[in-house]
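Structural overview
In case you want the letters, here they are:
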Amino acid sequence: EVLAPIDLPKHAFYAPRQRYRADSLIRYLRKIKPNKYTKIIGLTEQDISMTKGGFKDYGIMGLGFKPGVSCIVSTHRIRRGAKNIKHLKERLYKAACHELGHNFGLPHCADSETCMMRSARGKVSNIDSCDFGFCDACRSKISTVLKPFKQ
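Described in the following lines is the structure provided in the data block. (Residues numbered from 1 in each chain as written. Predicted model: local features only at pLDDT ≥ 70, side-chain atom pairs only at ≥ 80, totals over all residues. Heavy atoms only, no water.)

1. Some remarks on the overall build of the chain
Note the threshold: Numbering of helices and strands starts at the N terminus; helices are DSSP runs of H or I of at least 4 residues and strands are runs of E of at least 2. Based on C-alpha atoms, the radius of gyration is set beside the globule rule, defined as 2.2 Å times the residue count to the power 0.38. Only protein chains enter the accessibility calculation, which uses a 1.4 Å probe; a residue whose area is less than 20% of its type maximum is buried, one above 50% is exposed, and one in between is partly exposed. Any two residues whose heavy atoms approach within 4.5 Å at even a single point are treated as in contact. In these tables, accessible area is a Shrake-Rupley quantity obtained with a 1.4 Å probe, and a residue counts as shielded only by the protein chains included in the view.
For the chain, the count of helices and strands is five helices and seven strands. Seen in sequence order, the chain has helices and strands lined up from the N terminus as β-β-α-β-β-β-β-β-α-α-α-α. For 151 residues, the compact-globule formula gives about 15 Å, and the C-alpha radius of gyration of the chain, at 15 Å, lands near that figure. Considered along the principal axes of its C-alpha atoms, the chain spans approximately 40 × 35 × 35 Å. Taking all 151 residues of the chain together, 44% fall into the buried category. By sequence separation, contacts in the chain at least 24 residues apart represent 56% of the contacts at least 6 residues apart. Of the roughly 9,100 Å² that the chain leaves accessible, carbon and sulfur atoms contribute 55%.

Quick look at the structure:
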């Protein structure tokens with residue numbers, strides 16, 4: 001279900017780099033998630049970032065709590081170099097599934113170079129080179145978690 005658009009919270013804006021802190025955004029989404037839903041994903045065109053290693057403000061394509069109920073994906077980086085709208089939608093689909101995979105408890109995949117749970121390592125080309133699905137190992141892990149949701 002697609003919910004009504006909301007404004008990004010002002011407290012998540014990181015003025016020195018003119019982008020939004022992804023961890024603040026997913027905490028906010030977790031707080032406002034309607035109880036009838038088990039997960040919520042935010043989609044934005046704004047640039048997002050997180051602290052990674054020695055970088056206080058590392059630009060990213062998405063972030064999700066692992067496990068958790070909320071995640072965020074930004075088109076700001078994934079649209080770079082996209083050939084057309086179809087290509088952009090493919091990248092968005094893969095990034096969204098990846099972050100939701102984290103919400104369901106999946107770590108980055110070390111078993112397959114083409115699994116959607118593979119780390120993009122900051123490169124949109126790594127999204128392009130992954131498949132439209134999880135590898136057997138990740139599919140097995142997530143199927144255990146999803147069993148209670150099947151009706």
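2. So, the side chain of Asn 126
By the secondary structure assignment, Asn 126 is in helix H4 (residues 124-128). When sequence neighbours within four positions are dropped, the list of residues in contact with Asn 126 reads Arg 118, Ser 119, Ala 120 and Arg 121.

3. Observations concerning the environment of Ser 143
With respect to the helices and strands, the residue Ser 143 is situated in helix H5 (residues 136-146). Spatially, the C-alpha atom of Ser 143 lies 24 Å from that of Val 2, the residues being 141 residues apart in sequence.

4. Thoughts on the pairing of strand S5 (residues 55-60)
Spelled out, the test is: Here, strands pair whenever DSSP counts at least two bridges between them.
As judged from the four bridges shared by strand S4 (residues 48-52) and S5, these two strands associate in the antiparallel manner. Its bridge partner being in S5, Met 50 is matched across the sheet by Tyr 58. The turn linking S4 back onto S5 is made up of two residues, and Gly 53 within it adopts a positive phi angle of 60°.

5. What about the packing of aromatic side chains?
This is how the line gets drawn: Ring pairs are drawn from Phe, Tyr and Trp, using the six-membered ring of Trp, whenever the two centres fall within 6.5 Å, and their geometry is named by plane angle: stacked under 30 degrees, edge-to-face over 60, tilted for the rest. When the NZ atom of lysine or the CZ atom of arginine is within 6 Å of a ring's centre and also within 35 degrees of its normal, the charge is said to sit over that ring.
Within this structure, the stated rule accounts for three aromatic pairs. Taking 5.9 Å as the distance between ring centres and 40° as the angle between the ring planes, the aromatic pair formed by Tyr 93 and Phe 132 counts as tilted. Here Tyr 93 is found in helix H3 (residues 85-103), whereas its partner Phe 132 is found in the loop between H4 and H5, with 39 residues between them in sequence. Taking relative accessible area as the criterion, Tyr 93 reaches 43% and is therefore assigned partly exposed. Classification of Phe 132 as partly exposed rests on a relative accessible area of 47%. The ring of Phe 104 has Lys 39 lying over it, and the distance from NZ or CZ to the ring centre is 4.5 Å. Its end group placed over the ring of Phe 132, Lys 94 keeps NZ or CZ at 4.5 Å from the ring centre.

6. Points about the environment of Gln 18
Formally: We call two N or O atoms a polar contact when they sit within 3.5 Å, provided that within protein one can donate a hydrogen and the other can accept it, with sequence-adjacent residues counted only if both atoms are side-chain atoms.
Tracing the backbone through its elements, the reader meets Gln 18 in the loop between strand S1 (13-14) and strand S2 (19-21). Side-chain polar atoms of Gln 18 contact the backbone oxygen of Ala 15, separated by 2.8 Å.

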